[in-house]
Amino acid sequence: MKIIKIFIFFWFVPLLVFSQYIDVVQKNNITGLKEQTEFEYLFNPDTEKLTPVAILRAWGKYNISQLFNTVREEANKLGANCFIVTEYVNDDMTSKNSSLTLNVYFAEENILMENDRKKEKNVVYIFGKDKAGKGKTSFKFNGEKTDIPNREFFRYEPEAYENINIKKGGIFGADLQISGVTISNIPVYLTLSGLGVQQTLPFGNEAVERPYNGSAYGIAINTGSIKFMEPALANVLIQVWKKKDNND
């Protein structure tokens, strides 16, 4: 009987702890749109060139990455392939009342290509944890110890062709090196907590040296993980999180 009770408890815990919801705040009557797979962050867009699809809001006891993925899934089903952040709300003390609202659009390929050219170059972003409270994540950036408070991000603009070295987790942790040639061509978004991991490398393998086990996104041994973050989510966080004061 005890075994049955324990089984039932754990069966229902995910439903209670990870409750989330999606609201269609507004939906436009657009016909002819097909389900999409892309979902791009829009940089200072001319909305007159876009087809407005809907305003979507995800809310519940999830972190911002999970809220974002919920909105993206619904937006893609409706035919949207890009978005603007409307609002992000979280309870800084408990993380139990979070919501993310996005205006979602359909854009033709030429508009998405134009948007892609607006991305920053020669910049590195590193994101902390999506947790309430005064916690922080520690790492070494080019040999210098650095801390990122929860729900903040670190931003660095390298010198021309400057190589970057990031270490986290001690001698058995992570060690990621990125060439300056790579950074000069694209923005680099990194997560130290596993939040919003990108599913494909943002650049070729020759740009990244992997001193230990050669994992696809960096090195992940014990708690020492450095992984590339999904760019659309990274740009959401840049908009709604706080930039770390590098003088701290």
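For clarity, every value in this text was computed on a predicted model and none was experimentally measured.

Novice: Please explain the pattern of salt bridges as it appears in this structure.
Specialist: Any two side chains of opposite charge can pair, given that their charged atoms come close. Scanning the entire structure with this criterion turns up 10 salt bridges. Notably, a salt bridge pairs R72 with E230, separated by 3.9 Å at the nearest N-O pair. Here the residue R72 occupies a position in helix α2 (residues 64-78), and E230 occupies one in the loop between β16 (227-228) and α5 (231-240), the gap between them amounting to 158 residues. Given a relative accessible area of 19%, E230 falls into the buried group. Among the ionic pairs, R151 bridges to D130, the shortest N-O distance being 2.8 Å.

Novice: Explain unusual backbone geometry here, please?
Specialist: Glycine aside, a negative phi is what most residues show, and trans is what most peptide bonds show. A positive phi angle, close to 50°, is found at N142, a residue other than glycine. Considering the arrangement of structural elements, one finds N142 in the loop between β7 (136-141) and β8 (144-149). One non-glycine residue, Y161, lies in positive phi territory at about 60°. Tracing the chain through its elements places Y161 in the loop between β9 (152-156) and β10 (164-168). According to the relative accessible area criterion, Y161 is exposed, its value standing at 58%.

Novice: Looking at this structure, I do not really get the nonpolar core. What am I missing?
Specialist: Across soluble globular proteins, nonpolar side chains show a tendency to be buried alongside one another. Grouped together as the largest cluster of nonpolar side chains are 35 residues, with contacts concentrated most on F68, F83, L102, V104 and F127. Only β3 (51-60), α2, β4 (82-89), β5 (98-106), β6 (123-127) and α5 provide two or more residues apiece to this core. Each residue touching F127, except ones within four places of it in the same chain, is listed here: I148, E152, F153, Y189, L190, T191, L192, M229, A234, L237, I238 and W241. Counting 16 residues, the second-largest nonpolar core is a separate cluster that includes V124, A174, I178 and I226.

Novice: Just checking my understanding: could you explain the packing of α2 against α5 for this structure?
Specialist: Taken N-terminus to C-terminus, the directions of α2 and α5 make an angle of 120°; their axes are 11 Å apart at the nearest point. As judged from the angle between their axes, α2 and α5 are oblique. Remark: the crossing between α2 and α5 carries right-handed chirality. Contact residues: α2 offers I64, S65 and F68, while α5 offers A232, L233, V236, L237 and V240.

Novice: Even after reading the chapter, I still don't get the confidence of the model for the protein chain, so can you show me in this structure?
Specialist: Low-pLDDT portions of the prediction should not be read for the details of their coordinates. Scored by pLDDT, the protein chain comes out at a mean of 78, with 75% of its residues at no less than 70. Highest mean pLDDT in the protein chain belongs to strand β2 (residues 40-41) (96); lowest belongs to strand β14 (residues 220-221) (32). For residues 203-224, every residue scores under 50 in pLDDT, and the model assigns this stretch 61 contacts once sequence neighbours within four places are set aside.

Novice: Got a minute to help me understand the packing of aromatic side chains in this structure?
Specialist: How two aromatic rings sit relative to each other is set out by the distance from centre to centre and by the angle between their planes. Across all of its chains, the model carries 13 aromatic pairs by this definition. Plain terms: the ring middles of Y41 and F43 are 5.0 Å apart, the flat faces sit at 70° to each other, and that makes the pair edge-to-face. By relative accessible area, which is 13% here, Y41 ends up buried. Judged by centre distance (5.8 Å) and plane angle (25°), the ring pair of Y125 and Y189 falls under stacked. With a gap of 64 residues between them, Y125 in strand β6 and Y189 in strand β12 (residues 187-191) connect regions that are remote in the sequence.

Cut-offs applied
Residues numbered from 1 in each chain as written. Predicted model: local features only at pLDDT ≥ 70, side-chain atom pairs only at ≥ 80, totals over all residues. Heavy atoms only, no water. Salt bridge = Lys/Arg side-chain N within 4 Å of Asp/Glu carboxyl O. Helix = DSSP H or I, 4+ residues; strand = E, 2+ residues; numbered from the N terminus. Buried < 20%, exposed > 50% of the residue type's maximum accessible area, 1.4 Å probe, protein only. Core = buried A, V, L, I, M, F, W, Y, C linked by side-chain atoms within 4.5 Å. Contact = heavy atoms within 4.5 Å. Axes fitted to C-alpha atoms, helices over the stretch in contact; angles between N-to-C directions. Parallel < 35°, antiparallel > 145°, perpendicular 65-115°, else oblique. Left-handed = near helix turned anticlockwise from the far one by under 90°. pLDDT = per-residue confidence, 0-100. Phe/Tyr/Trp six-rings, centres within 6.5 Å; stacked < 30°, edge-to-face > 60°.

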